[in-house]
Amino acid sequence: MGKIKVERCDIEGLCVITPTVFKDDRGYFVETYNKNDFTEAGLDMEFVQDNQSKSSKGVLRGLHFQKEHPQGKLVRVLSGEVYDVAVDLRKDSKTYGKYFGVVLSDENKKQFYIPKGFAHGFVVLSDEAVFAYKCTDFYHPNDEGGLKYDDPDIGIDWPIEGLNLIMSEKDTKWKGLKETLKF
C-alpha cells in the first residue's frame, strides 16, 4: 500500500499521480494502477474502457468532453512527452473555466487524473508520443463536445512556440467556452 504519491491540484478533483518506479539492471517495473492504492489515496473510481493513441510532434488533440456521459480519465504517456490540459466545466465550481496543465512523459512516469466535468486535451512535444488513458464511462461519439484550444477566455498557456500544429478538422471548428456552454 501507499506506492503512489498524489499531488492535489489547485482545481478541486484534479490530481497528478506519481507511482513508485522499481529500477534495476534489467530496466524498470511500475504499477500504473492498483485499485487498493488509489482507494487508500482517496481516488475511488471504476474504469470501464482503456484507450491508446500515437501522435507525432505538434499534434494537438482536444479539448474534448462528453455532455450526457461525462468521463473521468486517468492519463499517462508510455513513450515521448506531452503537455496535458484539463479545463473545469462544472457550472457550480468556483474554478469554472480555469485550466490546469502538466507535462507527462515516459521519463517522469506521472499520471493525471481528470474527474467527470472537465474538457481534456494535449499537445505532443516530443518527436512522437504514445498516450494511454483509462475512462470511467464508455465513448459515445454522438455525445462528444469540445472547446477551442486557444479560447482567450480560458487562456491556456500551451508550450507550442515553434511547433507546427496538427489538428483534426473537428478540433479546428470547436467554439469558445462562452459560446459552447451557456448556463
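Remember, it's a predicted structure, so these values are computed and weren't measured experimentally.

1. As for the pattern of salt bridges
Counted under the stated rule, the structure contains nine salt bridges. Ionic pairing is found between glutamate 31 and lysine 3, a salt bridge with its closest N-O pair at 3.3 Å. Highlighted residues: glutamate 31 in the loop between strand S4 (27-30) and helix H1 (35-40) and lysine 3 in the segment before strand S1 (4-8), separated in sequence by 28 residues. Taking relative accessible area as the criterion, glutamate 31 reaches 29% and is therefore assigned partly exposed. Among the ionic pairs, lysine 170 bridges to glutamate 144, the shortest N-O distance being 2.8 Å. Taken together, the residues span a long stretch of sequence, with lysine 170 in helix H2 (residues 169-172) and glutamate 144 in strand S13 (residues 144-146) at a distance of 26 residues. Here lysine 170 falls in the partly exposed class, since its relative accessible area comes to 39%.

2. Considering the packing of aromatic side chains
Inspection of every chain in the model, using the stated rule, returns seven aromatic pairs. With 6.0 Å between their ring centres and 75 degrees between their planes, tyrosine 83 and tryptophan 158 make a pair best called edge-to-face. Taken together, the residues tyrosine 83 in strand S8 (residues 81-88) and tryptophan 158 in the loop between S13 and H2 connect sequence positions 75 residues apart. Since its relative accessible area comes to 11%, tyrosine 83 is described here as buried. Relative to tyrosine 133, the ring of phenylalanine 131 has its centre 5.5 Å away and its plane inclined at 55 degrees; by these criteria the two rings are tilted. Residue phenylalanine 131 is classed as buried on the basis of its relative accessible area, which comes to 1%.

3. Describing the UniProt feature "active site" (unreviewed entry) in the protein chain
Residues annotated in UniProt with the feature "active site" (unreviewed entry) correspond here to His64 and Tyr133. Their sequence span is 70 residues, while the largest C-alpha to C-alpha distance among them is just 13.5 Å; these annotated residues converge on one region. Mapped onto the fold, histidine 64 is located in strand S6 (residues 60-66). If sequence neighbours within four positions are ignored, histidine 64 has contacts with Phe118, Ala119, His120, Glu144, Gly145, Gly146, Lys170, Asp171 and Trp174. At a separation of 3.5 Å, a polar atom in the side chain of histidine 64 contacts the main-chain amide nitrogen of glycine 62. When you line up the elements, tyrosine 133 lands in strand S12 (residues 128-135). Classification of tyrosine 133 by relative accessible area gives partly exposed; the value is 22%. In contact with tyrosine 133, not counting residues within four places along its chain, are Gln49, Asp50, Asn51, Lys73, Leu74 and Val75.

4. Topic: the side chain of histidine 64
For histidine 64, a relative accessible area of 19% puts it in the buried group. A distance of 2.6 Å separates the side chain of histidine 64 from the side chain of aspartate 171, its partner in a polar contact.

5. Points about the environment of arginine 90
By the secondary structure assignment, arginine 90 is in the loop between S8 and strand S9 (99-105). Sequence separation between arginine 90 and glutamate 179 is 89 residues; the distance between their C-alpha atoms is 16 Å. Separated by 2.9 Å, the side chain of arginine 90 and the backbone oxygen of glutamate 12 make a polar contact.

Criteria and cut-off values
Residues numbered from 1 in each chain as written. Predicted model: local features only at pLDDT ≥ 70, side-chain atom pairs only at ≥ 80, totals over all residues. Heavy atoms only, no water. Salt bridge = Lys/Arg side-chain N within 4 Å of Asp/Glu carboxyl O. Helix = DSSP H or I, 4+ residues; strand = E, 2+ residues; numbered from the N terminus. Buried < 20%, exposed > 50% of the residue type's maximum accessible area, 1.4 Å probe, protein only. Phe/Tyr/Trp six-rings, centres within 6.5 Å; stacked < 30°, edge-to-face > 60°. UniProt positions renumbered as here; feature names shortened; annotations may be inferred. Contact = heavy atoms within 4.5 Å. Polar contact = N/O pair within 3.5 Å; in protein donor to acceptor, adjacent residues only side chain to side chain.

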